[in-house]
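# Descriptive analysis of the structure
Below are the chains, spelled out letter by letter.
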Amino acid sequence: MTYKVKDISLAEKGRLLIEWAERHMPVLMKIRERFTREKPLDGIRISASLHVTKETAVLVRTLVAGGATVTLVPSNPLSTQDEVAAALAEDGIYVYAWKGMNEREYYNAIGFAISQEPVVTMDDGADLTVTLHKLALGVKSNEVNYALETAGDRDFAKLISSVYGGTEETTTGVIRLRAMAREGTLRYPIIAVNDSYTKYLFDNRYGTGQSTWDGILRATNILVAGKVVVVAGYGWVGRGIAMRAKGLGARRVIVTEVNPVRALEAVFDGFEVMPMSEAAEIGDIFITATGDINAITLDHILKMKDGAVLANAGHFNVEIDVAGLERVAAEKRKIRDYVVEYRLPNGKRVYLLAEGRLVNLVAAEGHPSEVMDMSFSNQALAVEYIVKNRGKLQLGVHKLPDELDMEVARLKLETMGIRIDQLTEEQRRYISSWGLGT
Ligand code: SAH
């Protein structure tokens, strides 16, 4: 089997989507030109668990241009663009992805990615890396059993020892992998692409800021002007969402936080800050972006106004207590795509978007290509870096070297036609010396 997708006849539509993304990803396309000439990934087997979108397709084509063989599986059961999956499958990529997988199918896909015996893994949320480690370490779970159904009978300890390294796209994944490194469980080095400046300052903030609203608006078509918006978490993602809520005309934007510095930043940025238990009573639209579980608990939900809308832009499907909501709901109805109405025991109704999974990737198309251009240029350079430095990287979670990060910024500015100043020799000397004072 070389692919498993929803409908291969969607390929032509998918190719047009990918072409559209390519037009808006000039930095990655420059890297592709160089990869085509230099073939730095010649013979390298890559397995990637990333959102299967038109932007990811541009990255995959770039890796293939560099000489790699690529297997692509989803990093979320609901985020696959079926047209794109079909187009990549037709181009010979090993794709195992469709929109709306159940848990078993999702981990079957992860198992399939492992069955290709990658020497480089790419992850968004760390499900592939973690599952491979669980297999190698003999950890048992439902997820592992599902992965085993497709991973085949092989020596996973040997397989993992031949992996050069992996990349991680997102905050959540970096947190999981750092925990593995701390405990001494991690078996190969990781490049935390998320931690590049040209990733988190742009993708997490401006990417999520726009795509989250895109998802909420496509799903509901409600008016933001005049509404009270509550954003849980003021990390880079929460900042972007709160900033754009203001721009869309929200009457009040309330931020909830647990970190005093971030809470203070939110206040100085012009937002109201209060505990979720208070915000719950006044919000119209709630968006979670904390990276943790139960940012919105069942208690919070029971306090909400009739008609409150709940969406998640953060961590898997655990930031909102969906399980609690399911348990107590007196009635549940699908209102339109990605909008489910729950009638609570107190008679009020709340609306959960995208099953509490990432609303931007489920109900819209994820971040726009222009911002993924930078994230995925970091990914391409990270894979090249891992291959170049195989056997030399220390076990642990590393940043991509600053020169490469700066190079992405430089190229992005160049493709936007924006020029900047250079330090003069005098300035360079001044900032690197300590002798001159008042
Ligand atoms: N896999 C987890 C983790 C969060 S996903 C989950 O499903 O819950 C967040 C990541 O999605 C971001 O780091 C961002 O880079 C990525 N992303 C956003 N838009 C995307 C797009 N259009 N294509 C591919 N990846 C995208």
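Refer to the structure printed above.
About the criteria used
- Residues numbered from 1 in each chain as written.
- Predicted model: local features only at pLDDT ≥ 70, side-chain atom pairs only at ≥ 80, totals over all residues.
- Heavy atoms only, no water.
- Helix = DSSP H or I, 4+ residues; strand = E, 2+ residues; numbered from the N terminus.
- Rg over C-alpha atoms; globule rule 2.2 N^0.38 Å.
- Buried < 20%, exposed > 50% of the residue type's maximum accessible area, 1.4 Å probe, protein only.
- Areas by Shrake-Rupley, 256 points an atom, 1.4 Å probe, with all protein chains shown as cover.
- Pairing = 2+ DSSP bridges.
- Right-handed = clockwise from strand over helix to strand, strands pointing away.
- Contact = heavy atoms within 4.5 Å.
- Polar contact = N/O pair within 3.5 Å; in protein donor to acceptor, adjacent residues only side chain to side chain.

## What about the overall build of the chain?
Within the chain one finds 19 helices and 16 strands. Radius of gyration (C-alpha) of the chain: 22 Å, near the 22 Å computed for a compact globule of 438 residues. When the backbone C-alpha atoms are referred to their principal axes, the chain occupies close to 70 × 65 × 45 Å. By residue count, 53% of the 438 residues in the chain fall in the buried class. Carbon and sulfur atoms make up 51% of the accessible area of the chain, which amounts to about 19400 Å² in all.

## Brief notes about the pairing of strand β9 (residues 252-256)
Buried residues dominate β9, accounting for four of its five residues. Relative to β9, strand β8 (residues 228-232) is paired through five bridges, and the arrangement is parallel. Note that in β9 the partner of Val228 across the bridge is Arg252. Where the polypeptide runs from β8 across helix α11 (residues 236-247) and back to β9, its parallel neighbour, the crossover connection is right-handed. As paired strands, β9 and strand β10 (residues 272-273) are joined by two bridges and run parallel to one another. Bridging across to β10, Val255 finds its partner in Val273.

## A short note on the side chain of His315
Among the structural elements, His315 can be located in the loop between β12 (309-312) and α15 (322-328). Excluding residues within four positions of it along the chain, His315 makes contact with Thr172, Gly291 and Asp292.

## Observations regarding the side chain of Asp284
Residue position: Asp284 is located in the loop between α13 (276-282) and β11 (285-288). Reaching out from Asp284, the side chain makes a polar contact with the backbone nitrogen of Val228 at a distance of 2.7 Å.

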